[in-house]
Amino acid sequence: MPPQASLSAADIAVIAAYAALVVALGLWAGRNQKSGADFFLASRSATWPVVGLSLLASNISSATLIGLAGAAYAIGISVFNYEWMAAVILVFFCLFFLPFILRSQVYTMPEFLERRYSRGVRVYFSALTIFLSVVVDKATTLYGGALMVKLLAPDLPIATIVVALALASGVYTIVGGLRAVLYTEVVQAIILLGASAILAWFAFDAAGGWARVMASVDPAKLSLIRPIGDPGLPWLGLVTGVPILGFYFWCTNQFMVQRVLSARNVDHGRWGSLFAGALKLPVLFLMVLPGTAAILLYPKLDNPDLVYPTMMFDLLPAGLLGLVVAGFLAAIMSATASTFNSAATLFTMDFVRHWRPDIEGRAMVRVGRLATAGFIALACLVAPQIEKFGSLWQYLQSMLSYTAPPIVALFLGGLFWRGANARGAAWAVAVGLVLGLGLFLANSFGGLGLHFLYVAPLLLAASGAALWLGSQGAPAPDAAQVAGLMWSRAHWRAETAELAGEPWWRNYRLLSALLLAATAALVIAFW
């Protein structure tokens, strides 16, 4: 157990004040929900700072905080490659994809696929997203958060802690929908960044300062670009697998893209996405490198997952410890609230509205609230079972590499190739599903040993080929079906003309170039 796993009265007061503030803010922000657009998309009125901060808060969970520091301690800072790649992916998203999903006025990303392909693809993608988000990802987040809280309250059962954590974020999510989630995520993102900065400062100070850490730690653990034989993140996997998983997560996953769908307009969606990409770059210094400093502080830790809690309880004084614990709770609450709301959106808009197409207004809000409550209950039931079936959840969490590539193929094919049709989409899903299941079983139980970052490009190639072959047997969609859903040179030229008179700080292409330059500079500095 980490040292001094206890809280002072000042710490408890800080945590209680944070929890009260967030719940009260969420309830206040979420009042007067009158329609589906209000409840699921915050009336499509979010400004770019809200979009950017909420994307960051949704992305960083308790598992992220523990995992980044632990991975830096065990294998090195190459884990940050997932973070900086997010900035590159979000630039691609803003340049080529975002305007079409916003102007289509869809509620969900599976709905976008239905407009481009068919109802069957929508059902598959929506059901898959709900399963992976609620049953796998957020159940694991709640369980991991409960383990941390149990360090402070060892007598409390895991199930009780899980329910308390879920209800803390669930109560305002049920009442206020996405608007409540967005308002609270802005506060949570600020607290999360501030708490991470405090812990990073104390970690480096205790380790003797920046210069000592950089001089004393094995250079291999301070390198982002690793050899092709690296077991953690080889460079070939970085350039082939990470972008595919990143595109799925940032550009197609309802859990993240719903924040962009709530943007006031295309400009705010783009600026907010680029802001989120910029916020990912300091993660190296705030959340990854403190784990590197811990190599000097605690060289004999058996479990890398103990790095983060050990630094918290060992380094921080009373009051500041409470603030950092509040930041940890912010990571749990923001991530779980986002998931519950997005899952309710998928269930209501992709399934209930299909069964009851006349449902509107407050009736739709009621369905959304009931669905949110149902998913909270499901996650609370599943999370404690991880303790009994931990190895199963490790397998399930690796499923993203096996399930995401066919979806990526559908979005990329549908965005850039008009010939992609419903028949080809069905082929892509079928081939990707069968081949993905085969590789998953061979890797997990058959001793294949293929790195998961190499699984993703293989499945993307197979699914893309199936999309092309399947589409040959049916005519291309007519122009009316794909209007506004595909990138085109004409659209690019029209936007170029519009941007000519814009000041530089409003020009998303210039901002994208600046973000890419900053990202490249950081990667080169830690090559």
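Note that the structure is a prediction, hence the values are computed from the model and not measured.

Draft legend 1. Local environment of the nonpolar core. In this structure, Phe97 and Tyr308 are the most contacted members of the largest nonpolar core, which totals 177 residues. No other element matches helix 8 (residues 158-206), which puts 19 residues into this core. Every residue in contact with Tyr308, bar those within four places of it in the chain, is listed here: Leu65, Ile66, Ala69, Met148, Leu199, Val324 and Phe328.

Draft legend 2. Local environment of a nonpolar patch on the surface. A contiguous nonpolar patch, built from Trp417, Trp427, Trp468 and Leu469 and spanning about 420 Å² of accessible area, is present on the exposed surface. Summarising the element assignment, Trp468 is placed in helix 21 (residues 452-471).

Draft legend 3. Representation of the packing of aromatic side chains. Inspection of every chain in the model, using the stated rule, returns 30 aromatic pairs. Pairing Trp48 with Phe275 gives two aromatic rings, centres 5.3 Å apart and planes at 80°, and the pair type is edge-to-face. In this pair, Trp48 sits in helix 3 (residues 48-59) while Phe275 sits in helix 13 (residues 266-280), placing the two residues 227 residues apart along the sequence. Residues Phe347 and Trp355 carry aromatic rings whose centres are separated by 6.2 Å and whose planes lie at 80° to one another, so their mutual orientation is edge-to-face.

Draft legend 4. Layout of the environment of Leu178. Turning to its location among the elements, Leu178 is positioned in helix 8. Residues Leu178 and Gly229, spaced 51 residues apart in sequence, show a C-alpha to C-alpha distance of 44 Å. With sequence-adjacent residues up to four places away left out, Leu178 is seen in contact with Phe39, Phe40, Leu41, Ala42, Gln258, Arg259, Ser262 and Asn341.

Draft legend 5. Representation of unusual backbone geometry within the structure. Although it is not a glycine, Ala42 sits at a positive phi angle of roughly 50°. Mapped onto the fold, Ala42 is located in the loop between helix 2 (36-41) and helix 3. Here the phi dihedral of Gln105 falls at roughly 60°; this positive angle occurs in a residue that is not glycine. By secondary structure assignment, the location of Gln105 is in the loop between helix 5 (81-103) and helix 6 (109-116). Overall, the relative accessible area of 43% leaves Gln105 in the partly exposed class.

Draft legend 6. Representation of a positive patch on the surface within the structure. Taken together, the side chains of Lys34, Arg356, Arg362 and Arg366 make up a positively charged region of the molecular surface. Turning to its location among the elements, Lys34 is positioned in the loop between helix 1 (9-29) and helix 2.

Calculation rules
Residues numbered from 1 in each chain as written. Predicted model: local features only at pLDDT ≥ 70, side-chain atom pairs only at ≥ 80, totals over all residues. Heavy atoms only, no water. Core = buried A, V, L, I, M, F, W, Y, C linked by side-chain atoms within 4.5 Å. Buried < 20%, exposed > 50% of the residue type's maximum accessible area, 1.4 Å probe, protein only. Helix = DSSP H or I, 4+ residues; strand = E, 2+ residues; numbered from the N terminus. Contact = heavy atoms within 4.5 Å. Patch = residues over 30% accessible without salt bridge, like charges linked within 9 Å, V, L, I, M, F, W, Y side chains within 5 Å. Areas by Shrake-Rupley, 256 points an atom, 1.4 Å probe, with all protein chains shown as cover. Salt bridge = Lys/Arg side-chain N within 4 Å of Asp/Glu carboxyl O. Phe/Tyr/Trp six-rings, centres within 6.5 Å; stacked < 30°, edge-to-face > 60°. Lys, Arg positive; Asp, Glu negative; His and termini not counted. Charge placed at Lys NZ, Arg CZ, Asp CG, Glu CD.

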